[in-house]
Amino acid sequence: MTAPTPTLAGLDLLAEIDRLRRERNAVILAHYYQEPVIQDLADFVGDSLDLSRKAAETDADVIAFCGVRFMAEVAKILSPDKTVVLPDMAAGCSLEDSCPPEQFGRFRAAHPDHLAITYINCSAAVKAHSDIIVTSSSAEKILAQLPMDQKIIFAPDKNLGAYFNRKTGRDMLLWPGACIVHEAFSETELLKLKAQHPGAPVAAHPECPAYILDHADLVGSTRAILEFALSSPHQTIIVATEPHIIHQMEKAAPHKHFIGAPGADGNCNCNMCPYMALNSIEKLYIALRDLSPRIELDEELRIAAKRPLDRMLEMAGGTIGRGDVGAPVTGD
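Just so you know, these numbers come straight off a predicted model, no measurement behind them.

Draft legend 1. Broad picture of the overall build of the chain. Helix and strand counts for the chain stand at 16 helices and 12 strands. Rg of the C-alpha trace for the chain: 19 Å, near the compact-globule value of 20 Å for 332 residues, within the 12% margin. For the chain, the spread of C-alpha atoms along the three principal axes comes to 60 × 50 × 35 Å. Within the chain, buried positions represent 57% of all 332 residues. Of the contacts made within the chain by residues no fewer than 6 positions apart, 65% connect residues no fewer than 24 positions apart. Summed over its atoms, the accessible surface of the chain is roughly 13,300 Å², and 51% of this surface lies on carbon and sulfur atoms.

Listed below in structure tokens is the structure:
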């Protein structure tokens, strides 16, 4: 699944990364789910699309994206003239893997009267098959602009699609993909944790299954979860998303106690994204040194994938990077 980690004994990797950042005129991006050492050395830390847009606004020649492959592809889509490197090309995504472009293309062709609303966690090739890309923060605003009788395919995340079906009263046709991180949370263990910390609110990502969202006080994107954790008057907060985001919470609010929601074994280790974990400072150094592994996209594919991204920005650009999809949905 992963390339061997290079051994670079004797190098001051942080100093070398800083040197290469200057020499390459590079900007380093880190998603919230990266390990703390990578978050701390990055120029920008954030959600995937927000990071790509920030990088596009810089005069950098090189983008080093510490995240997963679809995120680095988005950076290349938005910055075609910049060199985009990913520390480990094997850093994929279970949602991307769940939606092969050829199968999705055939599915779309079988439902010609449906709009394809596709979550950004997918490959460039699937984006090219889509009508509108959405993030967890923009989806509701975009759906509100579409007629209720408009038939819609929502891909690839069935949990996120089901959440918006419940919230909007729609009956979107859901592609059967899911994020392995958010699927790992246990309702039983979460209830035990809530009993141990009475009154502690739960902040959950909408990629979680409904049986987790039903117990959440806030359902939102990674950015929204972070903002909720910092603004909440509560001193203890339970966080149901990939636990590396807690690093940013602890930096911003060291007086608070943040607890990762547990998996079925009673801890949150199983909820750490194995794809995000493939990146390391050693691999980041190599990527900046060699400008490889490099994201390359055929220009025809890039333009086709950019079209539904542009549609999202036209319809809901103000929500990107803000990211609150609101309170949980209750009832049937």
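Still more ground to cover, so stick around.
Draft legend 2. Quick look at the nonpolar core. Among the nonpolar cores identified, the biggest contains 102 residues, and Ile28, Met249 and Leu288 are the most heavily contacted of them. Ignoring any residue separated from it by four or fewer positions in sequence, one finds Leu288 in contact with Ile17, Leu20, Arg24, Ala26, Ile28, Val62 and Ala64. Membership of the second largest hydrophobic core comes to 8 residues, among which are Phe104, Val126, Ala155 and Trp175.

Draft legend 3. Structural context of the sheet that holds strand 6 (residues 132-134). Taken together, the 4 strands give an open sheet; going across it, the order is 6-5-7-8, and neighbouring strands pair in parallel fashion. Of all strands in the sheet, those with a lone pairing partner are strand 6 and strand 8 (173-174), marking the two edges. Two elements, strand 5 (residues 115-119) and strand 7 (residues 152-155), share 4 bridges in a ladder whose sense is parallel. Bridge pairing in strand 7 places Ala116 opposite Ile153.

Draft legend 4. Summary view of the pattern of salt bridges. Summed over all chains, the structure comprises 17 salt bridges. Here Arg302 and Glu299 are joined by a salt bridge, their closest N and O atoms 2.9 Å apart. Here Glu299 and Arg302 lie together in helix 16 (residues 299-316), a separation of 3 residues that amounts to about one turn. Using a relative accessible area of 11% as the deciding quantity, one classes Arg302 as buried. Notably, a salt bridge pairs Asp310 with Lys306, separated by 2.9 Å at the nearest N-O pair. One end of the pair, Asp310, and the other, Lys306, are both in helix 16, 4 residues apart, so they sit about a helical turn from each other. Via salt bridges that share partners, Glu16, Arg19 and Glu23 belong to a single interconnected network.

Draft legend 5. Representation of the pairing of strand 12 (residues 257-260). Bridge count for strand 11 (residues 236-240) against strand 12 is 4 bridges, and the pairing is parallel. Bridged to Val239 within strand 12 is Gly260. A crossover links strand 11 with its parallel partner strand 12, the connecting element being helix 14 (residues 246-252), and its sense is right-handed.

Draft legend 6. Spotlight on unusual backbone geometry. With an omega of -10°, the peptide bond running from Ala155 to Pro156 counts as cis. If you trace the backbone, Pro156 turns up in the loop between strand 7 and helix 9 (158-168). Residue Pro293 is bonded to the preceding Ser292 through a cis peptide linkage, with omega at 0°. Secondary-structure assignment places Pro293 in the loop between helix 15 (281-290) and helix 16. One non-glycine residue, Asn25, lies in positive phi territory at about 50°. For Asn25, the location among the structural elements is in the loop between helix 1 (13-23) and strand 1 (26-31). On the basis of relative accessible area, Asn25 is assigned to the partly exposed category, the value being 29%.

Draft legend 7. Spatial organisation of the packing of aromatic side chains. In total, this model carries 3 aromatic pairs according to the counting rule given. Taking the centre distance of 5.7 Å and the plane angle of 80° together, the rings of Phe104 and Trp175 count as edge-to-face. Here Trp175 lies in the loop between strand 8 and helix 10 (180-183) and Phe104 lies in helix 6 (residues 101-109), a separation of 71 residues in the sequence. Trp175 matches Phe104 in its accessibility class, with the two residues each being buried. An angle of 80° between the planes, with centres 5.3 Å apart, marks the rings of Phe107 and Trp175 as edge-to-face.

Draft legend 8. The arrangement of the side chain of Asn279 in detail. Its location among the elements puts Asn279 in the loop between strand 12 and helix 15. The buried category is assigned to Asn279, whose relative accessible area is 2%. A polar contact of 3.4 Å, which involves the side chain of Asn279, links it to the side chain of Gln34. Not counting chain neighbours up to four residues away, the residues in contact with Asn279 comprise Gln34, Glu35, Ile38, Cys66, Gly67, Pro87, Asp88 and Ala91.

Draft legend 9. Broad picture of helix 6. By the burial criterion, the buried members of helix 6 are Phe104, Gly105 and Arg108. Down the axis of helix 6, the buried side of the element spans an arc of 105°, and every buried residue falls inside it. Those residues of helix 6 that are exposed and angled more than 90 degrees off the buried face are Glu102, Arg106 and Ala109. Residues of helix 6 that are buried sit in contact with strand 5, helix 7 (124-128) and strand 7.

Calculation criteria
- Residues numbered from 1 in each chain as written.
- Predicted model: local features only at pLDDT ≥ 70, side-chain atom pairs only at ≥ 80, totals over all residues.
- Heavy atoms only, no water.
- Helix = DSSP H or I, 4+ residues; strand = E, 2+ residues; numbered from the N terminus.
- Rg over C-alpha atoms; globule rule 2.2 N^0.38 Å.
- Buried < 20%, exposed > 50% of the residue type's maximum accessible area, 1.4 Å probe, protein only.
- Contact = heavy atoms within 4.5 Å.
- Areas by Shrake-Rupley, 256 points an atom, 1.4 Å probe, with all protein chains shown as cover.
- Core = buried A, V, L, I, M, F, W, Y, C linked by side-chain atoms within 4.5 Å.
- Pairing = 2+ DSSP bridges.
- Salt bridge = Lys/Arg side-chain N within 4 Å of Asp/Glu carboxyl O.
- Right-handed = clockwise from strand over helix to strand, strands pointing away.
- Phe/Tyr/Trp six-rings, centres within 6.5 Å; stacked < 30°, edge-to-face > 60°.
- Polar contact = N/O pair within 3.5 Å; in protein donor to acceptor, adjacent residues only side chain to side chain.
- Arc of directions from axis to C-beta.

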